[in-house]
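Structure at a glance
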Amino acid sequence: MSALTLVIGNKTYSSWSLRPWLLLRHLGVTFQEISVPLHAPDTATQIARYSPSGRVPVLLDGDRVIWESLAIGEYLAERYPAVWPVDVHERALARSAASEMHAGFAALREELPFNCRSRRAGVVPSLAAQTEIERVVALWSTCRQAIGDDEEGPWLFGRFTCADAMFAPVALRFHTYGIALPELATRYVDTVRQDIHVQAWIHAACAETAIIPEEERGEPMD
Ligand SMILES: N[C@@H](CCC(=O)N[C@@H](CS)C(=O)NCC(=O)O)C(=O)O
């Protein structure tokens, strides 16, 4: 791999951008960032300079262009096996969970927009979103139950993997909207929030000034 560049959106609002960014940081890979402000008059033009899909994140590796957060994870896995668990069963489960996240949870994502720099009151998930929240909680529990006794660490498979990169933004959404969760899920949300790289992302988000009204649901808490 040559020097890597990750093209991302606003750190406040772009949950998809956080996923590969967090994975790269946990892998200890050096990379450049290009930030494209979302919902600006020239957003589409700016993204089109890098991304054939018109969306971020995009990873640039020399003249290779890799888009879609999960595909970026798989691209990194070719070079860095730590992207996925070592054990074949855990690896399959991690990939299933990550794929389910990538492909689904539309109600949750629509009703609880990613907004990592604030806490919001008064957003009540619909039945569809609540069902998805319960599915996320069940998935996290399945992952934690599957890990071997030799695995230590608070992440879904002990140490941080791509599955955590995919679910970290979901954990932050649960925190933003004060979603009531069982103990295991609450612990996982705390693990995500306390992670130094997540904190660095949120810190940078707090320094952003752009506000996207469509992404600001509920009443600010503080
Ligand atoms: N499935 C894509 C989703 C990417 C996506 O929806 N990105 C949003 C930002 S979070 C985007 O680029 N939106 C373009 C726009 O707002 O113009 C992935 O996994 O990377």
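The paragraphs below set out a description of the structure included in this document. Because the structure is predicted, anything quoted here is derived from the model rather than measured.

**Quick look at helix H9 (residues 196-206)**
- Among the residues of H9, those classed as buried are His197, Val198, Trp201 and Ala205. Each buried residue of H9 sits inside an arc of 105° when the element is viewed along its axis, so together they form one side. Opposite the packed face of H9, turned more than 90 degrees from it, sit the exposed residues Ile196 and His203.
- Tucked inside the fold, the buried residues of H9 contact strand S1 (4-8), helix H1 (15-27), helix H7 (162-176) and helix H8 (183-194).

**Concerning the side chain of Asp195**
- With respect to the helices and strands, the residue Asp195 is situated in the loop between H8 and H9.
- Buried and without a salt bridge, Asp195 has Arg25 as its closest oppositely charged side chain, separated by 8.0 Å.
- From its side chain, Asp195 meets the backbone nitrogen of Val198 in a polar contact 3.1 Å long.
- With residues up to four places along the chain from it excluded, the contact list for Asp195 reads Leu22, His26 and Trp155.

**Regarding the pattern of salt bridges**
- This structure, assessed with the given rule, holds 8 salt bridges.
- Across the salt bridge formed by Lys11 and Glu33, the nearest N and O atoms sit 2.8 Å from each other. Of this pair, Lys11 sits in the loop between S1 and H1 while Glu33 sits in strand S2 (residues 31-35); the two residues are 22 residues apart in sequence, bridging distant segments of the chain.
- Looking at Lys11, the relative accessible area reads 9%, which means it is buried.
- We note a salt bridge from Glu110 to Arg217, for which the minimum N-O separation is 3.7 Å. On the criterion of sequence distance, the pair formed by Glu110 in helix H5 (residues 106-111) and Arg217 in the loop between H9 and strand S6 (219-221) is long-range, its members being 107 residues apart.

**A word on the pairing of strand S4 (residues 64-67)**
- Where strand S3 (residues 58-61) meets S4, 4 bridges bridge the pair, whose relative direction is antiparallel. Opposite Val58, over in S4, you have Trp67 as the bridge partner.
- Connecting the antiparallel pair S3 and S4 is a turn made up of 2 residues, with Gly62 showing a positive phi of about 60°.

**With respect to the environment of Ala146**
- Among the structural elements, Ala146 can be located in helix H6 (residues 127-146).
- The exposure class of Ala146 is partly exposed, given its relative accessible area of 36%.
- Remark: the alpha-carbon pair of Ala146 and His89, spanning 57 residues in sequence, is separated by 8.4 Å.
- With residues up to four places along the chain from it excluded, the contact list for Ala146 reads Glu90 and Leu93.

Scoring rules and cut-offs
- Residues numbered from 1 in each chain as written.
- Predicted model: local features only at pLDDT ≥ 70, side-chain atom pairs only at ≥ 80, totals over all residues.
- Heavy atoms only, no water.
- Buried < 20%, exposed > 50% of the residue type's maximum accessible area, 1.4 Å probe, protein only.
- Helix = DSSP H or I, 4+ residues; strand = E, 2+ residues; numbered from the N terminus.
- Arc of directions from axis to C-beta.
- Contact = heavy atoms within 4.5 Å.
- Lys, Arg positive; Asp, Glu negative; His and termini not counted.
- Salt bridge = Lys/Arg side-chain N within 4 Å of Asp/Glu carboxyl O.
- Polar contact = N/O pair within 3.5 Å; in protein donor to acceptor, adjacent residues only side chain to side chain.
- Pairing = 2+ DSSP bridges.

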